[in-house]
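# Observations on chain architecture
Read off the chains here:
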Amino acid sequence: MIHWRMYPTREAQAHALANAVVAGLDEALTIRPRALLAVSGGTSPKPFLTQLARLPVAWRDIGITLVDDRWLPDTHADSNARLVSETLLPGAKGAQWLPLVDTSAAPELQVRTLNDTWTHGVPQVCVLGMGEDGHTASLFADAPQWHDAITTHDKFVLVQPQHAPYTRVSWSLSALASSERLLLQIQGKAKRAVLEAAQAQPQDNAISRLIHREGVKIDVFWSEE
């Protein structure tokens, strides 16, 4: 089930999304001592992350991680970890940063280590993005790992998309579905049409699989531009 929130500009969308994240974290902290926030990379989240860094949050009680990341050093321009380090972390004083990628290890070993040692649970607040092919996180339907990524009970999966660059580390579909609050940030008419089609009828892409999973609710923050 999805609930649409529509905005005329990216700035308005970013402001509303940042405030929704703060509200979700505040609510989570009323019933537990710590909360986990997962955010997405790419170009679209930058205004939102910058806005979120300016808002009052009990960051010392928050862990911050990524929904997914590319298998790159965190100094690389295409690293999601770099985006977060440049936008959100400077303002999130005292937050615990929990990256997904460690390029000093082999990718398969890193994912196994994450699954074996992760003690932080699933995110209380999870901010997703979506591609025009319907992928969310790095759950690409063209990847050889697609079936495992949407069926495993592991939290993390290794994904090697066939039509997108870089090997990826991603939260699995079941882990995303278990997150307490899912927020989706998208822009433009094309992505709105993709999401509406995914909502109308089950499709073989990640966002449709997530929408039609029993018990899942997603707040969609869409901007026209």
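Above this note sits the structure.
All of the points below concern the structure found in this document.

The secondary structure content of the protein amounts to 8 helices and 10 strands. The C-alpha atoms of the protein give a radius of gyration of 16 Å, which matches the 17 Å a tight globule of 225 residues would have. Taking the principal axes of the C-alpha coordinates as reference, the protein spans close to 40 × 40 × 35 Å. Residue burial in the protein is summarised as follows: out of 225 residues, 53% are buried. Within the protein, counting contacts between residues at least 6 apart in sequence, those at least 24 apart form 75% of the total. As presented, the protein carries roughly 10200 Å² of accessible surface, and 49% of it is formed by carbon and sulfur atoms. Between the centroid of the 20 positive side chains of the protein and the centroid of its 24 negative side chains there is a distance of 5 Å.

Looking now at the nonpolar core. Within soluble globular proteins, side chains that are nonpolar generally end up buried alongside one another. One finds V21, L37, F48 and L88 to be the most contacted residues of the largest nonpolar core, which totals 79 residues. Among the elements that take part in this core, helix α1 (residues 10–29) stands out by supplying 9 residues, more than any other.

What counts and what doesn't
- Residues numbered from 1 in each chain as written.
- Predicted model: local features only at pLDDT ≥ 70, side-chain atom pairs only at ≥ 80, totals over all residues.
- Heavy atoms only, no water.
- Helix = DSSP H or I, 4+ residues; strand = E, 2+ residues; numbered from the N terminus.
- Rg over C-alpha atoms; globule rule 2.2 N^0.38 Å.
- Buried < 20%, exposed > 50% of the residue type's maximum accessible area, 1.4 Å probe, protein only.
- Contact = heavy atoms within 4.5 Å.
- Areas by Shrake-Rupley, 256 points an atom, 1.4 Å probe, with all protein chains shown as cover.
- Lys, Arg positive; Asp, Glu negative; His and termini not counted.
- Charge placed at Lys NZ, Arg CZ, Asp CG, Glu CD.
- Core = buried A, V, L, I, M, F, W, Y, C linked by side-chain atoms within 4.5 Å.

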